[in-house]
Amino acid sequence: MLSSSNQKITFLCTNDRLGGAAIVTYRLMEALVEAGGDACMVVANKSTASARVAAVARWRYRLAFLAERLEILIRSGFRRRDLWKVDTARFGCGVTRHPWVRDADVIVLSWVNQGLVSLADIRRLHRMGKRIVWTMHDMWCATGICHHSTGCTRFHHQCGCCPYLGAHTPADLSRAIHRRKQALYADVPVTFVAVSSWLAEVCRRSSLLRDARVEVIPNAFPVDRYLPEPTVNRPDLGLPDRGDLIVFAAARLDDPIKNLPLAVDALNRLTDLCAADGRPLPTAIFCGALRYPSALDSLRIPHRHLGSITDPTRMAQIFAHATVVLSTSLRETLPGTLIEGMAAGASPVTTGIGGQADIIADGTDGYIAPDFSPDTIATLLHRALTAPFPRDAQHSAAARRFSASAVTRRFLELVEGERDIIHS
């Protein structure tokens with residue numbers, strides 16, 4: 001049984017259910033309430049009917065949203081290609097006026113960009129006496145303006161010449177916001193929470209956060225909904241009647257981050273490995289939107305594209321039939337599909353830049369490729385198909401690390417620890 005906190009905790013997040021950060025923030029808020037805590041959520045865009053979620057004034061948010069986008073457009077020379085890859089937090093919608101914010105003891109910032117919370121708002125929260133915890137779902141807190149640096153290391157110093165802006169001068173918008181963040185972090189005590197060890201290491205390399213307090217607490221997942229034994233027959237899920245399944249899932253499969261071409265190459269090479277030892281070919285199952293359906297045309301392995309799966313129960317059943325869950329992403333902060341697949345008993349095979357090592361003990365309950373070679377990934381897929389890890393053990397490992405109770409306990413310990421530090 002979890003011991004609840006008597007602290008009033010208000011989460012701030014741009015959305016309550018749209019996007020990965022919103023979903024895991026909502027889950028944590030619910031888990032805290034179930035544990036007896038006093039938690040609520042203030043958002044810009046409310047899509048749930050929860051009485052624990054409130055939306056800010058729509059017109060204030062729209063003004064802040066449009067002002068920020070306009071400034072980024074102007075400062076980038078009206079380049080639209082990377083418009084949604086950067087944020088400045090120069091404009092906010094007055095969230096500090098909301099009664100749930102005013103009544104809170106602890107403010108938990110989640111993904112608060114695109115006009116919900118400004119850097120100036122965070123200063124106001126501090127002046128109001130709020131303790132501030134900031135859960136990082138990407139790199140934005142550690143950089144000037146980008147959510148993922150994509151190999152750029154300028155955030156190790158002070159940004160400038162930002163490739164997302166097409167800037168060729170150090171004195172660009174990224175450096176200006178870097179300086180604002182630097183001044184804010186120097187003045188306002190914030191406990192940063194990285195959702196993976198990889199992201200914490202990114203912070204240690206950042207000139208903004210290398211001296212900050214950064215704790216590692218993963219996202220909570222409803223692992224009890226992902227069970228190793230399926231209860232729905234394969235045909236009812238759109239799956240083949242028999243044979244091994246390799247599941248590749250993403251909101252958008254051909255998002256460049258997901259590196260779908262590498263998955264296609266690896267799966268094609270897997271066909272050769274299976275032919276060499278007479279093993280029946282598995283079927284690759286793709287779950288998610290495809291902007292370019294031709295991306296799967298070159299596959300030689302049997303495959304099915306099931307489209308976007310919005311029903312989590314259906315997705316859990318698909319994973320329960322899977323032998324392997326595959327990820328070939330260029331980078332992932334904490335890839336949820338691997339956790340969900342593992343909780344349903346599948347054996348994960350993945351590339352390794354990101355939080356994968358927080359999920360998988362390489363060689364014990366999954367495989368992390370040391371490189372982006374399709375031959376390497378094909379070999380690991382073949383190994384996982386030949387000798388999959390015990391399904392019940394996979395579920396237990398995921399539950400131990402990512403269940404709502406495990407994550408909530410760590411979060412409550414952090415919140416109570418913050419209070420003890422401040423009042424000592």
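Residues numbered from 1 in each chain as written. Predicted model: local features only at pLDDT ≥ 70, side-chain atom pairs only at ≥ 80, totals over all residues. Heavy atoms only, no water.

## A closer look at the overall build of the chain
And then number 1: What the chain contains, in helices and strands, is 13 helices and 13 strands.
And then number 2: Against the compact-globule benchmark of 22 Å for 424 residues, the chain has a radius of gyration of 22 Å, which places it among compact chains.
And then number 3: Each of the three principal axes of the chain carries a C-alpha extent, and together these read 70 × 55 × 40 Å.
And then number 4: A burial count over the chain gives 58% of its 424 residues as buried.
And then number 5: In the structure as shown, the chain presents an accessible area of about 17,900 Å², 52% of it carried by carbon and sulfur atoms. (Helix = DSSP H or I, 4+ residues; strand = E, 2+ residues; numbered from the N terminus. Rg over C-alpha atoms; globule rule 2.2 N^0.38 Å. Buried < 20%, exposed > 50% of the residue type's maximum accessible area, 1.4 Å probe, protein only. Areas by Shrake-Rupley, 256 points an atom, 1.4 Å probe, with all protein chains shown as cover.)

## Quick notes on empty space enclosed by the protein
And then number 1: One pass over the full model with this rule turns up three cavities of 30 Å³ or more.
And then number 2: Taken as a whole, the largest cavity holds about 140 Å³ of empty space.
And then number 3: Lining the largest cavity are 17 residues; nearest its centre among them are V24, L28, T135, H137 and N219.
And then number 4: Of all the secondary-structure elements, those providing two or more residues to the lining of the largest cavity are α1 (20-34), β4 (106-109) and α13 (404-423).
And then number 5: With three residues, α1 is the largest single contributor of residues to the lining of the largest cavity.
And then number 6: Here the lining of the largest cavity is built from residues that sort into twelve nonpolar, five polar and no charged.
And then number 7: If you add up the space inside the second largest cavity, you get close to 100 Å³.
And then number 8: If you trace the second largest cavity, you find 13 residues lining it, with C146, C152, C159, C162 and P163 closest to the centre. (1 Å grid on protein atoms, 1.4 Å probe; cavity = no way out; pocket = protein on both sides within 12 Å on 5 of 7 lines; lining within 4 Å. Points joined across faces, edges and corners; volume = space filled by probe spheres on them. Nonpolar A, V, L, I, M, F, W, Y, C, P; charged D, E, K, R; others polar.)

## Considering the side chain of S174
And then number 1: Among the secondary structure elements, S174 is positioned in helix α5 (residues 173-187).
And then number 2: When its relative accessible area of 2% is taken as the criterion, S174 is described as buried.
And then number 3: Polar side-chain contacts of S174 include one of 2.9 Å to the backbone nitrogen of G160.
And then number 4: Other than its neighbours up to four places away in sequence, S174 contacts G144, I145, C159, G160, C162 and L165. (Polar contact = N/O pair within 3.5 Å; in protein donor to acceptor, adjacent residues only side chain to side chain. Contact = heavy atoms within 4.5 Å.)

## Let's talk about the environment of S347
And then number 1: Tracing the backbone through its elements, the reader meets S347 in strand β12 (residues 347-350).
And then number 2: Classification of S347 by relative accessible area gives buried; the value is 0%.
And then number 3: Remark: the alpha-carbon pair of S347 and R391, spanning 44 residues in sequence, is separated by 8.0 Å.
And then number 4: If sequence neighbours within four positions are ignored, S347 has contacts with T323, V324, V325, A384, P388, F389 and Q394.
And then number 5: Polar side-chain contacts of S347 include one of 3.1 Å to the backbone nitrogen of F389.

## Examining unusual backbone geometry
And then number 1: Of note in this structure, F78 is not a glycine but carries a positive phi near 60 degrees.
And then number 2: Along the polypeptide, F78 turns up in the loop between α2 (58-75) and α3 (99-102).
And then number 3: At Q114, a position not held by glycine, the phi torsion is positive, near 65 degrees.
And then number 4: Secondary-structure assignment places Q114 in the loop between β4 and α4 (119-127).

## Describing the nonpolar core
And then number 1: Within the largest apolar cluster, 87 residues are counted, with the highest numbers of intra-cluster contacts made by L12 and W134.
And then number 2: Sort the elements by how many residues they give to this core and helix α6 (residues 197-205) lands first, with five residues.
And then number 3: Among all residues touching L12, those that are not within four sequence positions of it are V42, V95, V101, I107, V108, L109, S110, W111, V112, L116, V117 and L125.
And then number 4: Membership of the second largest hydrophobic core comes to 30 residues, among which are I301, A369, I377 and F389. (Core = buried A, V, L, I, M, F, W, Y, C linked by side-chain atoms within 4.5 Å.)

## Topic: the packing of aromatic side chains
And then number 1: Tallied over the entire structure, the rule returns ten aromatic pairs.
And then number 2: On the basis of an interplanar angle of 20 degrees and a centroid distance of 5.9 Å, the ring pair of W134 and F192 is categorised as stacked. Separated by 58 residues along the polypeptide, W134 in strand β5 (residues 131-136) and F192 in strand β6 (residues 190-194) bring together distant segments of the chain. Across the pair, F192 and W134 agree in class, each one buried.
And then number 3: Through pairs of rings, three or more aromatic residues link up here, namely W134, W140, Y185 and F192.
And then number 4: The ring of W140 has K181 lying over it, and the distance from NZ or CZ to the ring centre is 3.3 Å. (Phe/Tyr/Trp six-rings, centres within 6.5 Å; stacked < 30°, edge-to-face > 60°. Lys NZ or Arg CZ within 6 Å of the ring centre and 35° of its normal.)

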